[in-house]
Amino acid sequence: MKNSPFLTHIKEVMLARHYARLTIKSYLYWIKFFINFHNKQHPSSLGDREVENFLTFLTVRRGVAASTQSQALDTLVYLYQEIVKQPLDPSLRFHRSNKQRKLPVVLTQDEVRRLFVQMPPKYDLLAKLMYGSGLRLMEAIRLRIKDIDFNYFTLSIHNAKGGKNRRVTLAKELQEPLKNQITLANKYFNLDVSNKEYCGVKLPYALSHKYPNAPFDFLWHYLFPSYKLSCEPGTSCIRRHHINETTFQKAIKQAAKQAQIFKHVTSHTLRHSFVHKK
């Protein structure tokens, strides 16, 4: 099913509607799971009853949390309403999960200091931004140069969870590291604009049509650029994306191990710790 035309179609529809990459990945996971659960039958031949059975299976046999079951339900509602064009019955009957989400892992200030000591230099600033400003991983990784305001010491976060925009405080201690990171990003920028094949940075939605010169404006470029150029999927455009989130996640787990922090530390732990340090 890896090269399924049906799943490819769903992905293309969601991309055209500007869904986040991680959202698309999640939806495709649940849709594939649903299809496999029903012996690879096409969703158009299934309906309310099969959806109810699947959601009940997740709770009774898999023991998933209520939030996980809700993700699966949201995905299938989207599938049948937007793709199959056969909306589900709003009053579906299935065994609802009453399993609560685990309490978030929170680090003490001493543990945070020990963690930062062990972070690789190239990820140190990213980790401190997440902790200091309460950012989600992708919010931090997707920061652009223009999102930083040194006058008011704030960061602008665009199209965050729920499609919302917000402004967060920026720790003054990070001013110099940020300026050093901007200098590094500028070196990549100068290298890229001298490359005839470079198509500029990818802009959100249709901004590249509204502001045709913006892809080559340094202010629109990522604060944490990838170390190499790549071809944008589905096009022949050569661009420099932001750093890969997976490598950061691996780095933070390794740093926690080296710091002898005996907790399940993930990138999101920094955001939880920010909330509890107030």
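Note: the structure precedes this text.
Residues numbered from 1 in each chain as written. Predicted model: local features only at pLDDT ≥ 70, side-chain atom pairs only at ≥ 80, totals over all residues. Heavy atoms only, no water.

Trainee: Just checking my understanding: could you explain the sheet that holds strand E3 (residues 166-169) for this structure?
Mentor: Through backbone hydrogen bonds, the strands of a sheet pair up, either in parallel or in antiparallel fashion. Strand order across the open sheet formed by three strands is E1-E2-E3, with antiparallel pairing between neighbours. One side of each edge strand has no neighbouring strand; the edge strands of this open sheet are strand E1 (148-149) and E3. Sheet analysis places E1 next to strand E2 (residues 154-157), joined by two bridges and oriented antiparallel. Among the inter-strand pairings, Asp149 is bridged to a residue of E2, identified as Thr154. (Pairing = 2+ DSSP bridges. Helix = DSSP H or I, 4+ residues; strand = E, 2+ residues; numbered from the N terminus.)

Trainee: Can you walk me through the pattern of salt bridges in this structure?
Mentor: Per the counting criterion, the structure on display carries eleven salt bridges. Between Arg21 and Glu245 there is a salt bridge, with the nearest N and O atoms lying 3.0 Å from each other. Taken as a pair, Arg21 in helix H2 (residues 21-37) and Glu245 in helix H10 (residues 245-258) lie far apart in primary sequence, 224 residues in all. Overall, Arg21 belongs to the partly exposed group, its relative accessible area being 44%. (Salt bridge = Lys/Arg side-chain N within 4 Å of Asp/Glu carboxyl O. Buried < 20%, exposed > 50% of the residue type's maximum accessible area, 1.4 Å probe, protein only.)

Trainee: What am I meant to see in the environment of Pro87 here?
Mentor: By the secondary structure assignment, Pro87 is in the loop between helix H4 (66-83) and helix H5 (109-118). For the pair Pro87 and Asp48, spaced 39 residues apart in the sequence, the C-alpha separation amounts to 9.1 Å. Non-local contacts of Pro87, meaning those with residues more than four positions away in its chain, are made with Tyr80 and Gln81. (Contact = heavy atoms within 4.5 Å.)

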